Amino acid sequence: MFRSAALVILALPAFGLALGCAPPDGSGAGAPAESADTNELGLPFSEVRESGDLVYLAGAIGNVPGTLDVVPGGIEAQVRQTLDNLKGALEGLGLDLSRAVAVNVYLADIRHFQAMNSVYREYFAVDPPTRATVQAGIAIPDALVEISLVAANEGVERTIIHPEAMQSPELPYSWGVKAGDTLFVAGATARDPDTFQPVGGTVGEQIERIMGNVGLVLEAGGLDYSDVANCKVFLDDSRRFGEMNEVYRTFFPEDPPSRATVQARLANPLFQAEVQCVASSAERSVLAPGGPRSGSPLSPGIWAGDRLYLSGMVPPGPDRSEDPEEQTRAVLGRLEEALTAAGLTFADVDDALVFLEDMRDYAAMNEAYREIVGASPPARATVGTPLMGAGIQVEIMMTAHR
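To keep things clear, this report deals only with the structure shown in the data block.

**Observations concerning helix 4 (residues 203–220)**
If you check helix 4, its first and last C-alpha atoms are 26 Å apart, about what 18 residues at 1.5 Å a residue would give, namely 26 Å. Residues of helix 4 that are buried: Val203, Gly204, Gln206, Ile207, Ile210, Met211, Gly212, Asn213, Val214, Gly215, Val217 and Leu218. Contacts made by the buried residues of helix 4 are with strand 6 (158–161), strand 7 (176–179), strand 8 (182–188), strand 9 (228–235), helix 5 (241–248) and strand 11 (273–280). The first or second residue beyond helix 4 is glycine 222, which carries a positive phi of 80°.

**A word on the sheet that holds strand 15 (residues 349–356)**
Overall, mixed pairing links the 6 strands, which are arranged 12-13-14-17-15-16 in an open sheet. The open sheet has two free edges, formed respectively by strand 12 (284–287) and strand 16 (379–384), since each of these has just one partner strand. For this sheet, the mean inter-axis angle between neighbouring strands, taken without regard to orientation, is 15°. Note that strand 12 and strand 13 (residues 301–304) share 4 bridges and pair antiparallel. Pairing of leucine 287 across the sheet is with glycine 301, part of strand 13. Each of strand 12, strand 14 (307–310), strand 15 and strand 17 (394–401) is contacted by helix 6 (residues 324–341), which is oriented at about 25° to strand 17, the strand it contacts most. The sheet strands contacting helix 7 (residues 362–373) are strand 15, strand 16 and strand 17, and the helix crosses strand 16 at an angle near 155°.

**Some remarks on the pattern of salt bridges**
Applying the stated criterion across every chain, the model contains 9 salt bridges. In this structure, the salt-bridge partner of arginine 239 is aspartate 237, at a minimum N-O distance of 2.8 Å. Judged by relative accessible area, aspartate 237 falls into the buried class, the value being 17%. It is possible to trace a salt-bridge network through shared partners that takes in Glu325, Glu326, Arg329 and Glu371.

**Re the packing of aromatic side chains**
A ring pair, where both rings are aromatic, is described by two values, the distance of the centres and the angle of the planes. Under the counting rule described, the total for this entry stands at 6 aromatic pairs. Between tyrosine 173 and tryptophan 175, the ring centres sit 5.8 Å apart and the planes meet at 80°, which makes this aromatic pair edge-to-face. Side by side, tyrosine 173 and tryptophan 175 carry an identical accessibility label, which is buried. Both rings, one in tryptophan 175 and one in phenylalanine 196, keep their centres 5.8 Å apart while their planes meet at 65°; by these two values the pair is edge-to-face. You can see tryptophan 175 sitting in the loop between strand 6 and strand 7 and its partner phenylalanine 196 sitting in the loop between strand 8 and helix 4, a full 21 residues away along the chain.

**Quick look at the nonpolar core**
Membership of the largest hydrophobic core comes to 79 residues, with the highest contact counts inside it found for Leu149, Ile207 and Met211. Broken down by element, the residue count for this core peaks at 7 residues, all from helix 4. Look past the residues within four positions of leucine 149 in its chain and what remains in contact with it is Val55, Tyr56, Leu57, Leu86, Leu90, Leu97, Ala100, Ala102, Val103 and Phe124. If you look at the next biggest cluster of nonpolar residues, it comprises 27 residues, including Ala338, Val349, Met365 and Tyr369.

**As for the sheet that holds strand 3 (residues 100–107)**
Read across the sheet, 5 strands follow the order 1-2-5-3-4 without closing on themselves; strand pairing throughout is mixed. Only two strands of the sheet have a single neighbouring strand rather than two, namely strand 1 (48–51) and strand 4 (130–135). Between one strand axis and the next, the sheet turns through 10° on average, direction left out of account. Strand direction decides the pairing type here: strand 3 and strand 5 (residues 145–152), joined by 7 bridges, are antiparallel. The residue of strand 5 that forms the bridge with tyrosine 106 is glutamate 146. Those strands touched by helix 2 (residues 74–91) are strand 1, strand 2 (54–60), strand 3 and strand 5, and its axis lies near 30° from that of strand 5. Where helix 3 (residues 113–123) meets the sheet, its contacts fall on strand 3 and strand 4, and the angle it forms with strand 4 comes to roughly 150°.

**Some remarks on the pairing of strand 10 (residues 258–263)**
Of all 6 residues that make up strand 10, 5 are buried, and the element is covered over most of its length. Pairing of strand 9 with strand 10 involves 6 bridges; the strand directions are parallel. Paired with valine 233 across the two strands is threonine 261, which belongs to strand 10. Tracing the backbone out of strand 9, into helix 5 and back to the parallel element strand 10 gives a crossover that is right-handed.

**Examining the packing of helix 6 against helix 7**
Relative orientation and spacing of two packed helices are given, respectively, by the angle between their axes and the distance between those axes. Where helix 6 contacts helix 7, the axes come no closer than 7 Å and their chain directions differ by 35°. Considering how the two elements wind past one another, helix 6 and helix 7 form a crossing that is right-handed. Contacts from Pro324, Glu325, Thr328, Arg329 and Leu332 of helix 6 reach helix 7 at Ala364, Met365, Glu367, Ala368, Tyr369, Glu371, Ile372 and Val373.

**A short note on the environment of alanine 77**
Its location among the elements puts alanine 77 in helix 2. The spatial distance from the C-alpha of alanine 77 to the C-alpha of valine 119 is 8.5 Å, given a sequence separation of 42 residues. Ignoring anything within four residues of it in the chain, the contact list for alanine 77 reads Val71 and Pro72.

**Some details on helix 2**
For helix 2, which comprises 18 residues, the first-to-last C-alpha distance of 26 Å matches the rise-based estimate of 26 Å (1.5 Å per residue) to within 8%. Residues of helix 2 that are buried: Ile75, Gln78, Val79, Gln81, Thr82, Leu83, Asp84, Asn85, Leu86, Gly88, Ala89 and Leu90. For helix 2, the elements touching its buried residues are strand 1, strand 2, strand 3, helix 3 and strand 5.

**Some words on the side chain of lysine 178**
Here lysine 178 lies in strand 7. No salt bridge forms around the buried lysine 178; measuring N to O, its nearest opposite-charge neighbour aspartate 181 is 8.0 Å away. Within polar-contact distance, the side chain of lysine 178 engages the backbone oxygen of glycine 221 at 3.3 Å. Those residues in contact with lysine 178 that sit more than four places away from it in its chain are Glu157, Arg158, Thr159, Ile161, Leu183 and Gly221.

About the cut-offs
- Residue positions are given per chain, counted from 1 along the sequence in the order it is written.
- The model is predicted, so local features are restricted to residues of pLDDT at least 70 and side-chain atom pairs to those at 80 or more, both for listing and for counting; the totals for chains, interfaces and linings are taken over all residues.
- Side-chain numbers come from the whole structure's heavy atoms, not from hydrogens or water.
- In this description a helix means any DSSP run of H or I spanning at least four residues, a strand means any run of E spanning at least two, and both kinds are numbered starting from the N terminus.
- Multiplying 1.5 Å by the residue count of a helix minus one yields the expected span of that helix.
- Only protein chains enter the accessibility calculation, which uses a 1.4 Å probe; a residue whose area is less than 20% of its type maximum is buried, one above 50% is exposed, and one in between is partly exposed.
- Any two residues whose heavy atoms approach within 4.5 Å at even a single point are treated as in contact.
- Two strands make a pair as long as DSSP finds a minimum of two bridges between them.
- Every axis in this analysis is a line fitted to C-alpha atoms, fitted for helices over the stretch in contact. Angles between the N-to-C directions lie between 0 and 180 degrees.
- Every case where a carboxyl oxygen of Asp or Glu lies within 4 Å of a side-chain nitrogen of Lys or Arg is listed as a salt bridge.
- Centre distance within 6.5 Å is the pairing criterion for rings of Phe, Tyr and Trp, where only the six-membered ring of Trp is used; planes under 30 degrees apart are then read as stacked, over 60 as edge-to-face, and the remainder as tilted.
- We define a nonpolar core as any set of buried Ala, Val, Leu, Ile, Met, Phe, Trp, Tyr and Cys residues linked to one another through side-chain atoms lying within 4.5 Å.
- If you view a crossover with the strands going away from you and the path from the first strand over the helix to the second runs clockwise, you call it right-handed.
- Crossings are sorted by hand: turned counterclockwise from the far helix by less than a right angle, the near helix makes the crossing left-handed, and turned clockwise it makes it right-handed.
- Under the counting rule used here, the positive set is Lys and Arg, the negative set is Asp and Glu, and His together with the chain ends is not counted.
- The term polar contact refers here to a pair of N or O atoms within 3.5 Å; inside protein, the definition further demands a hydrogen-donor-capable atom paired with an acceptor-capable atom, and it admits residues adjacent in sequence only when both atoms are side-chain atoms.

Everything listed here is a matter of coordinates, which is why it stays silent on function.
Below is the structure:
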C-alpha cells in the first residue's frame, strides 16, 4: 500500500495503511520489515511499532505488497490479502496472528460484513482477538477493507476474558483479551448478555446496555470502570451525540477515560452505537493540560502505567480554518501540547488514528502530518467518517509510551 517514488507521495490521495510483508501468493512468508520506523514506500507512518507489552500494526489493506494495487476477486480476496499482509508484518518480529489482542475492521460498505467474517474466521478460529467493525471511507478507491491490529509482544501472557454472565459471541471475536496489565474490550453493542440477541431502544437506552456489557467484561478481567483508560464511540447518527453523552458520563463520574467519537454505520441497522474500550490494572492518572475540564465526558489524556492514551483532538473553534492542512496543524499542535505536558514528544507515540470528514483531504492532511510528526512516526490508520461538529475536517487520537 505504499508508493515507490517520492513524487507519488505528494500526488496520490494518501492513506493510513500498512504494507504487509506477505508475498503476492498470500502465503504470508514475507521478509522482515527494514525497520520499525519505516515502510517500503516512505509513507509518514510506521508499519509496526513495538511498545513494551504490545505491538501496534498500522492499518492494512488488501494490496499486492510493494504496490498500491489491491488484489482482484472482491471483498473475500481483499480480506484474505489484508490479513496475510498483517500476518507477514508480525512474522517479521517472530510473532503470528495468535498474538493478536485487538482488531479494528473498517469496511467501505457494511453490506460486506458477512463476507468479511467468512474469511476472517479462517484466520482466527480459536481464541480470537477483540474486534470492532464499522463502515468508513478508505483512501484507496478500490480498497474495500482496512484492518488495524494490536498484538501481545513475545513472552507477554495473552488471556481470553469471557464473563460467565455473557453468552459467547456468535461472531469471530472475544469479549475481552488481556495482555500483561492491559485489557482490551471488544466493540460493544446493545445485545442481551444472556442471548447475544440485539436489543432496540433509544440511543440512551442502548448506551446503558452497552456500558453494562462493558462492565461485565471489566469485572471478569478483575477491573472496573475506574480502570478504563480509553474508549472509541461509534454513533450511527451524530444528532444523538448529546443523548449518548448524558448516559455515558454516568459510568465515569470522575476522571473519565480519553475518547474519540465519530459517526459510522454499524453492522446491524438496529444498533445506534458501538463502544470499544481499553482498561488497565496499572496505576492510572489524568493528564489535563490547562487544568481539568469540569463536567466533560472525557479527559484529554489518561496515563495507565507508562502508557498514555490521548483523546481524539479536533481543531479549536469557532474561527477554525477551513483548510484541512491548517486544521491538521492545529490538531497536531494540541496533541503536541498534551505530549509536552506529559514529558513526551511525537517520537514516543506508538499508534495514531486519523479520522477525516472527507477522504479527498488525505493528501493535505498528510503534508502537515509528515512535517510535524517527524522522522519516527507511529503506526497509523486513516479512515473517513463524519465528525462531531460543524466545520471539523480532521480528528486525531494517539497512544504513547514513556
